[in-house]
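Topology and contacts: notes
Here is how the chains run, residue by residue.
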Amino acid sequence: MWLALGLLIPSALILGVGLGLSFYMTRRHGLTVIHSPAEYDLDFEDVSFPAGDGLLLRGWWVPAPGADRAVIILHGHGGSMDWDIHRVPAFHQAGLGTLLFDFRAHGRSPGSRATFGYLERQDVLGAIAFLKSRGIRQIGLLGFSYGGIAAMLTAPLCPAVQAVVVDGGPARMRTAITGRGMELHLPRWLAASLAWLILVFTSARLGVNLFRYEPVRWVGQIAPRPILFIHGDLDQYCPDFDDLFAAAREPKEVWRLPDVGHTQASEAYPEEFYRRVVDFFERHLDDHGSAPAVS
């Protein structure tokens, strides 16, 4: 009996911790800030469109007059499109339309759980279908952190995506979660163990092996379409960035900053950030060929 209890108690503890953390990490996130394109005197449209699996998502469409090219901005975990609306004027001035939307289980969109990019692929596919219905022929993805994961997992599935920019997109969700644990002052071994548990239990809840949906396994399939990585060497969520960059195939570019943390490039170097990102999309969402890369 004592042996059985000795096995049962730690098993129950692991089950409880794994499930509890899985539910916590995939919980719904409401609005924490509220903004609008109207703050920047932009003409825009409140839109709703179905994700690839039918879930109705909410977004903002900011067209560029006469343009048939657009960028989809993909927000981070726990955020919403409100956080990124300040990015739109730079694209608008360059003649690029912009679509922002809230991922499932975030902000104004419905849904009860986030899925580390697995179902968010359906959200991005729905956004692409929406743009195509509006006559947009040239589409780029700009993903921040969690949105970068969604971009890297979706682009291989959709030839309509012609260029991808990833700012702070982790190579592996488990290393990103480990980084979060270390931020909370957990020792690395414990943070890594808990990250593994979270992914195992979330995989069981979703009925899918999430370890197969690590961006490092998919990013190489984006080629021959170009990808630009923005990475800060102080980014605790992507210590294995070199693995991600190595897994990507040409054409690929990187803007690497030694003094910058997670998705902080646009805050630390705003002018250069928008110069590089807008230039990248102008070169690759353009039927007239490519210009030299920004040095």
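Residues numbered from 1 in each chain as written. Predicted model: local features only at pLDDT ≥ 70, side-chain atom pairs only at ≥ 80, totals over all residues. Heavy atoms only, no water.

Further remarks concern the pattern of salt bridges. A side chain of one charge can pair with a side chain of the opposite charge when the charged atoms of the two come close. Inspection of every chain in the model, using the stated rule, returns 18 salt bridges. As a salt-bridge pair, R172 and D243 come within 3.1 Å of each other at their nearest N and O atoms. On the criterion of sequence distance, the pair formed by R172 in the loop between β6 (161–167) and α5 (173–183) and D243 in helix α8 (residues 241–247) is long-range, its members being 71 residues apart. Assessed through its relative accessible area of 18%, R172 is described here as buried. As a salt-bridge pair, R275 and E272 come within 4.0 Å of each other at their nearest N and O atoms. Of this pair, R275 and E272 both sit in helix α10 (residues 270–284), separated by three residues, roughly a single helical turn. Connected through shared salt-bridge partners, D53, R104 and D123 make up one network. (Salt bridge = Lys/Arg side-chain N within 4 Å of Asp/Glu carboxyl O. Helix = DSSP H or I, 4+ residues; strand = E, 2+ residues; numbered from the N terminus. Buried < 20%, exposed > 50% of the residue type's maximum accessible area, 1.4 Å probe, protein only.)

A separate point is the sheet that holds strand β7 (residues 227–232). The strand order across the open sheet built from eight strands is β1-β2-β4-β3-β5-β6-β7-β8, with neighbouring strands paired in mixed fashion. Each of the sheet's edge strands pairs with one partner strand only, and the pair in question is β1 (45–50) and β8 (252–257). Each strand axis lies, on average, 20° off the axis of its neighbour in the sheet, ignoring direction. Taken together, the six bridges between strand β5 (residues 138–144) and β6 define a ladder with parallel strand orientation. Note on β6: the bridge partner recorded for F144 is D167. Helix-sheet contacts for helix α4 (residues 146–154) involve β3 (69–74), β5, β6 and β7, and the interaxial angle to β5 is about 140°. (Pairing = 2+ DSSP bridges. Axes fitted to C-alpha atoms, helices over the stretch in contact; angles between N-to-C directions. Contact = heavy atoms within 4.5 Å.)

With that settled, the discussion passes to the nonpolar core. In terms of nonpolar packing, the biggest core is built from 55 residues, with I72, L99, F101, F116, L131, I227 and F229 touching the most fellow members. No other element matches α4, which puts six residues into this core. Discounting chain neighbours no more than four positions away, the residues touching L131 are W61, A70, I72, L99, I136 and I139. Listed in part, the 29 residues of the second largest apolar core include W60, V71, A163 and W255. (Core = buried A, V, L, I, M, F, W, Y, C linked by side-chain atoms within 4.5 Å.)

A few words now on the confidence of the model for the protein chain. Detailed reading of the predicted model is not advised wherever pLDDT is low. Looking at the protein chain as a whole, its pLDDT mean stands at 93, while 92% of the residues score no less than 70. Across residues 2–8, confidence stays below pLDDT 50; counting only partners more than four residues off in sequence or on other chains, it has one contact. In the predicted structure, residues 288–295 sits below a pLDDT of 50 and forms 13 contacts with residues beyond four places in sequence or in another chain. (pLDDT = per-residue confidence, 0-100.)

This next bit is on the environment of I139. Note on placement: I139 falls in strand β5. With relative accessibility at 1%, the residue I139 sits in the buried group. With 22 residues separating them in the primary sequence, I139 and V161 have C-alpha atoms 5.2 Å apart.

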